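# Architecture at a glance
Residues per chain, in single letters:
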Number of protein chains: 2
Amino acid sequence: MADSGSRSTALLTDHYELTMLQAALRSGAAHRRSVFELFPRRLPEGRRYGVVAGVGRALDALEAFRFDEPTLAALRDVVDASTLEWLASYRFSGDVWGYAEGEAYFPYSPLLIVESSFAEAVLLETLLLSIYNHDSAIASAASRMTLAAGDRPCIEMGSRRTHEEAAVAAARAAYVAGFAATSNLAARHRYGVPSTGTSAHSFTLLHDTEADAFRAQVTALGEGTTLLVDTYDVTEAVRLAVEVTGPGLGAVRLDSGDLAVQAAEVRTQLDSLGATGTRIIVTSDLDEHAIAALAAAPVDGYGVGTELVTGSGHPTCGFVYKLVARESDAGELESVAKRSVDKPSVGGRKYALRRRSATGVAEAEVVGVGHRPVDDGDDRPLLVPLVRAGEVVGREPLPAARERHLSARAELPVAVQQMSRGEPVIPTIQE
Amino acid sequence: MADSGSRSTALLTDHYELTMLQAALRSGAAHRRSVFELFPRRLPEGRRYGVVAGVGRALDALEAFRFDEPTLAALRDVVDASTLEWLASYRFSGDVWGYAEGEAYFPYSPLLIVESSFAEAVLLETLLLSIYNHDSAIASAASRMTLAAGDRPCIEMGSRRTHEEAAVAAARAAYVAGFAATSNLAARHRYGVPSTGTSAHSFTLLHDTEADAFRAQVTALGEGTTLLVDTYDVTEAVRLAVEVTGPGLGAVRLDSGDLAVQAAEVRTQLDSLGATGTRIIVTSDLDEHAIAALAAAPVDGYGVGTELVTGSGHPTCGFVYKLVARESDAGELESVAKRSVDKPSVGGRKYALRRRSATGVAEAEVVGVGHRPVDDGDDRPLLVPLVRAGEVVGREPLPAARERHLSARAELPVAVQQMSRGEPVIPTIQE
């Protein structure tokens, strides 16, 4: 079974995490208590909010981050013997706080706080960033799509356009951000995301006639199935579809051409044939803008592929993982930060809350540096415990993340609904 | 061990492949001999050539495409009992031809030809597309980067900016396209890609002083190591680096600021300190254009991250997998194609060769529809056998793909070296 959760994830990391470990073990600094922070310096250009996803996957990956015998063997030419010995008993024993999955984020939101020894925490850098950067990019794009789609369901069908394992994570992230279903069967199996699908053009072309293909599909899948009607002539196919199936036909799918015009024509035709309950699903190179443009068309569902799995122009989030504080020789926790003009970061342990008006509308992302910002009554704290003394405590069912996303998004100012480019809908305030 | 090759890949697919199978088994058409073709309709906008990658991974995935008990259990609510029974003995028994890994491609290059029953071949659609679309997107971007870098090595270090498994495949694809090394340890372990890395800013910040950090690193990793010199003040760090290490210091790394200006200053400083052999590695948000712009700067190597793993603006190739021919009731193989204005495809079994001048320069991509195009003496056939009667015959060591890429690219017209947007460097001729 393709279930990536059960094996060691420890090699899904960068060479330099291991060489830093070796050098820090040698210098003794490896054991200094340290605070790392995972955060974005900015939103993707023009985006008004981002969506945190991958939290559950990151917790699974953290638990599987172990250096078993084959993993150690693979590292024999990377680090020295004493480092290998240290790795053999590696087990993350620190604490992790983070934004819960599905939450909205903004520039400098402290999405993850990892507190542990330097040695334990530095090793997690690459893997945590991979998961968060990918999954949040997908969820951020997906959320704009489900917002544009309103009450109409969005179906994720981009597996073929991205790495085969990224596809599974993308289906999961899209579900968190409100997608109704996926085409991906591994996402169904691993994460319980509802899966759906009926047929492609090849199925129609396989049969001698379109009528043969429709009959074969309806015989096997029932009249509630979705027939693909644009292999030859759409009007003829719709006529045939209702003839073969009867007015109880579940849906027709359009995968090419001018979707708004065609959807209107097909709706009229279906209604005239008595198939008033037959839905129209469209699926050709959609993104949030195309979905918004189809709002007035008689469309009942959107299948989204390439633009979903590639983050609709922003396939990665650019999150970074920085050491923001570490113990001194005197045992004090000291803030640290790189001095850099073009890659700013702020040292110190962060806390965060979403400031809200009395009517519950988000007003600001408040990040406290070194202290908890004051909740002025209607605010909402954003950091929740994910790992305590090495034990995962933040696991939750995926539907919980999905519900959280809907309520976190609903709380944002209405400007969030604008698909055009703009500033973040709320400012980030560091205090 | 995170080794995705050893478990079933059969759920890494779309729901509709299974429902089509069920319907085709019911109609009897499932057993019709069929030819599927995987091909691009175009290159990414403005690109002059593409690079095929993922072939070796696709062959591994094909061998692992089996419906074992847990996989069948996962499909119990997707297809009916007789379909499950058919799947239990699934084993691809057909033939596959394809462009060899590392080969250049152009619009309508027939990258894979899959000949089998419809049932056997349709199931592979999603997985083959996932692998080819991802890996070729990375290799196509990577090839432009190594071309721009000339003799200077490129190091892949984008793992943190993409899905953790996509990262491993990206490192592999970049290596095929001429990258010298990767930061990714799983790519080292699974595919033998050389890995490299020394330290991040966190390592410097961990220690009380930069001098402490440099000493710790050199003690552990030797004077040949690469020291990161932009945590605080570059000039002071370079001075310190040579003081701590001596003139035998391997390299310094710059990760921020104006790289061309800084590289020139650092080179002068290193030379004045006698460290004439110390190399300068730059690593800040590079793409092929930034690499080309640094050609005159005293840079010895490029570390490339985000832009590599996201395909430098084109994270997917848009390859499709279409039924182009299938057996009729009479047992004849008939060409088939969707009739569509905006998504054209050409029915029929394809053959391909690269037409070359007498001096060995590529002149055209010649695609024969239903017949082999005539080799006029200097041409090179492009389709090689990958699978024969279900047995993988096209496996090769990764360095073979890497060498093939270099020679295939060298054969293209010189316009291939232009980083600006343009037309494909050779036309595709269908005959």
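Predicted, not measured: the structure shown is a model, and the values here were computed from it.

Here we come to the overall build of chain A. Along the backbone of chain A there are 15 helices and 19 strands. In terms of principal-axis extent, the alpha carbons of chain A reach across some 80 × 55 × 35 Å. Burial status across chain A gives 64% buried among its 431 residues. Contacts in chain A between residues far apart in sequence, at least 24 positions, make up 74% of those at least 6 positions apart. Total accessible area on chain A stands at roughly 14400 Å², and carbon and sulfur atoms take up 50% of it.

With that out of the way, let us pick up the relation of the copies chain B and chain A. Take chain B, turn it by 180°, move it 0.0 Å along the axis, and it overlays chain A with an RMSD of 0.0 Å. The transformation just described matches what one would write down for a two-fold rotation axis. When the interface residues of chain B are mapped onto chain A, 100% of them again fall at the interface, so both copies present the same face.

A word on the UniProt feature "domain: Nicotinate phosphoribosyltransferase N-terminal" (unreviewed entry) in chain A. As annotated in UniProt, the feature "domain: Nicotinate phosphoribosyltransferase N-terminal" (unreviewed entry) corresponds to residues 11–132 of chain A in the numbering used here. Between the C-alpha atoms that bound residues 11–132 of chain A the distance is 17 Å, and the span itself is 40% helix and 19% strand.

Side chains of nonpolar character tend, in soluble globular proteins, to be buried together. Membership of the largest hydrophobic core comes to 134 residues, with the highest contact counts inside it found for L87 and Y302 of chain A. With 12 residues, the single largest contributor to this core is helix 6 (residues 125–149) of chain A. Excluding anything up to four places from it in sequence, Y302 of chain A contacts A149, R152, P153, C154, I155, V282, L286, I291, L294 and A295 of chain A. Judged by nonpolar contacts, the second largest core, of 81 residues, contains V168 of chain A together with L59, F65 and L123 of chain B.

Bringing unusual backbone geometry into the picture now. Residues and elements named next belong to chain A. Positive phi, normally seen in glycine, also occurs at S312, with a value near 45°. Topologically, S312 is positioned in the loop between helix 14 (306–309) and strand 12 (319–327). Taking relative accessible area as the criterion, S312 reaches 13% and is therefore assigned buried. Here the phi dihedral of A389 falls at roughly 50°; this positive angle occurs in a residue that is not glycine. As for its placement among the helices and strands, A389 is situated in the loop between strand 17 (383–388) and strand 18 (391–392).

Residues and elements named next belong to chain A. Evaluation of the coordinates by the stated rule reveals zero disulfides over all chains. Distance from the sulfur of C317, which forms no disulfide, to the nearest cysteine sulfur (C154) is 19 Å. Residue classification places C317 among the buried positions, given a relative accessible area of 10%.

A word on the domain arrangement of chain A. All names here are of chain A. Looking at chain A, the domain boundaries give domain 1 (4–123 + 318–430) and domain 2 (140–313). Between the C-alpha centres of domain 1 and domain 2 there is a distance of 37 Å. Of the residues lining the interface, 21 residues belong to domain 1; the matching set on domain 2 comes to 25 residues. With both sides pooled, the region where domain 1 packs onto domain 2 buries about 1900 Å², and carbon together with sulfur makes up 56% of that total. The largest per-residue losses of area from domain 1 upon contact with domain 2 belong to R47, R402 and M419, which jointly make up 38% of the total buried on that side. At the boundary of domain 1 and domain 2, one finds one salt bridge. A salt bridge links E101 to R172, with the nearest nitrogen and oxygen atoms 2.7 Å apart. Between domain 1 and domain 2 we count 11 residue pairs in polar contact (both at pLDDT 80 or more) in total. Broken down by secondary-structure element, the contributors of at least two residues to the side of domain 1 that touches domain 2 are strand 2 (50–51), helix 2 (55–63) and helix 15 (398–410). It is helix 15 that provides the largest number of residues to the side of domain 1 that touches domain 2, a total of five residues.

A separate point is the environment of S357 of chain A. Structurally, the position occupied by S357 of chain A is in the loop between strand 14 (350–356) and strand 15 (362–369). S357 of chain A has contacts with E363 and D378 of chain A, leaving out every residue within four places of it along the chain.

What follows concerns the interface of chain B and chain A. At the interface, 106 residues of chain B touch 106 residues of chain A. When chain B packs against chain A, the two sides together hide about 8600 Å² of surface, and 57% of this comes from carbon and sulfur. Here chain B is connected to chain A by 14 salt bridges. Across the pair R160 of chain A and D14 of chain B runs a salt bridge, and its minimum N-O distance is 3.0 Å. On inspection of chain B and its partner chain A, the count reaches 54 residue pairs in polar contact (both at pLDDT 80 or more). Top contributing element to the side of chain B that touches chain A by residue count: helix 1 (residues 15–27) of chain B, with 11 residues. Grouping the constituent residues of the side of chain B that touches chain A by class yields 40 nonpolar, 39 polar and 27 charged.

To continue, consider the sheet that holds strand 16 (residues 380–381) of chain A. All names here are of chain A. Taken in spatial order, the four strands of this open sheet run 16-14-15-19, and their pairing is mixed. In this open sheet, the two edge strands, each paired with only one partner strand, are strand 16 and strand 19 (428–430). Sheet analysis places strand 14 next to strand 15, joined by seven bridges and oriented antiparallel. Along strand 15, the bridge assignment pairs L353 with V366.

Residue and element names in this part refer to chain A. Burial within strand 14 is extensive, with six of its seven residues counted as buried. Counting the residues that bridge the hairpin from strand 14 to strand 15 gives five residues, and of these G360 lies at a positive phi of roughly 85°. Sheet analysis places strand 14 next to strand 16, joined by two bridges and oriented antiparallel. Counterpart to L353 in the pairing with strand 16 is P381.

The next thing to look at is the packing of aromatic side chains. What describes a pair of aromatic rings is the distance from one ring centre to the other and the angle between the planes of the rings. All told, the structure shown has 16 aromatic pairs over all chains when counted by the stated rule. When the ring of F65 of chain A is compared with that of Y90 of chain A, the centres are 5.7 Å apart and the planes differ by 70°; the resulting orientation is edge-to-face. Here F65 of chain A, found in the loop between helix 2 and helix 3 (69–74), pairs with Y90 of chain A, found in the loop between helix 4 (81–88) and strand 3 (95–99); they are 25 residues apart in sequence, far enough to count as distant. Y90 of chain A carries the same exposure label as F65 of chain A, and that label is buried. Taken together, a centroid distance of 5.8 Å and an interplanar angle of 20° make the contact between F39 of chain B and Y108 of chain B stacked. Here Y108 of chain B lies in the loop between strand 4 (104–105) and strand 5 (112–117) and F39 of chain B lies in strand 1 (residues 33–40), a separation of 69 residues in the sequence. Y108 of chain B shares its class with F39 of chain B; the two are buried. Three or more aromatic residues link up through ring pairs in this structure, and these residues are F65, F67, W86 and Y90 of chain A. A cation sits over an aromatic face here: R349 of chain A above W97 of chain A, 4.6 Å from the ring centre. If you follow R402 of chain B out to its NZ or CZ, it ends over the ring of Y175 of chain B, 4.2 Å from the centre.

What follows deals with the pairing of strand 17 of chain A. All names here are of chain A. With four bridges connecting them, strand 3 and strand 17 associate as antiparallel partners. Opposite Y99, over in strand 17, you have L383 as the bridge partner. Pairing geometry for strand 17 and strand 18, over two bridges, is antiparallel. Bridging across to strand 18, V387 finds its partner in V392.

Parameters at a glance
Residues numbered from 1 in each chain as written. Chains lettered and ligands numbered in written order. Predicted model: local features only at pLDDT ≥ 70, side-chain atom pairs only at ≥ 80, totals over all residues. Heavy atoms only, no water. Helix = DSSP H or I, 4+ residues; strand = E, 2+ residues; numbered from the N terminus. Buried < 20%, exposed > 50% of the residue type's maximum accessible area, 1.4 Å probe, protein only. Contact = heavy atoms within 4.5 Å. Areas by Shrake-Rupley, 256 points an atom, 1.4 Å probe, with all protein chains shown as cover. Least-squares fit on C-alpha atoms with pLDDT ≥ 70 in both. UniProt positions renumbered as here; feature names shortened; annotations may be inferred. Core = buried A, V, L, I, M, F, W, Y, C linked by side-chain atoms within 4.5 Å. Disulfide = S-S within 2.5 Å. Domains from an automatic or database assignment. Buried area = accessible area lost by both parts, 1.4 Å probe. Salt bridge = Lys/Arg side-chain N within 4 Å of Asp/Glu carboxyl O. Polar contact = N/O pair within 3.5 Å; in protein donor to acceptor, adjacent residues only side chain to side chain. Nonpolar A, V, L, I, M, F, W, Y, C, P; charged D, E, K, R; others polar. Pairing = 2+ DSSP bridges. Phe/Tyr/Trp six-rings, centres within 6.5 Å; stacked < 30°, edge-to-face > 60°. Lys NZ or Arg CZ within 6 Å of the ring centre and 35° of its normal.

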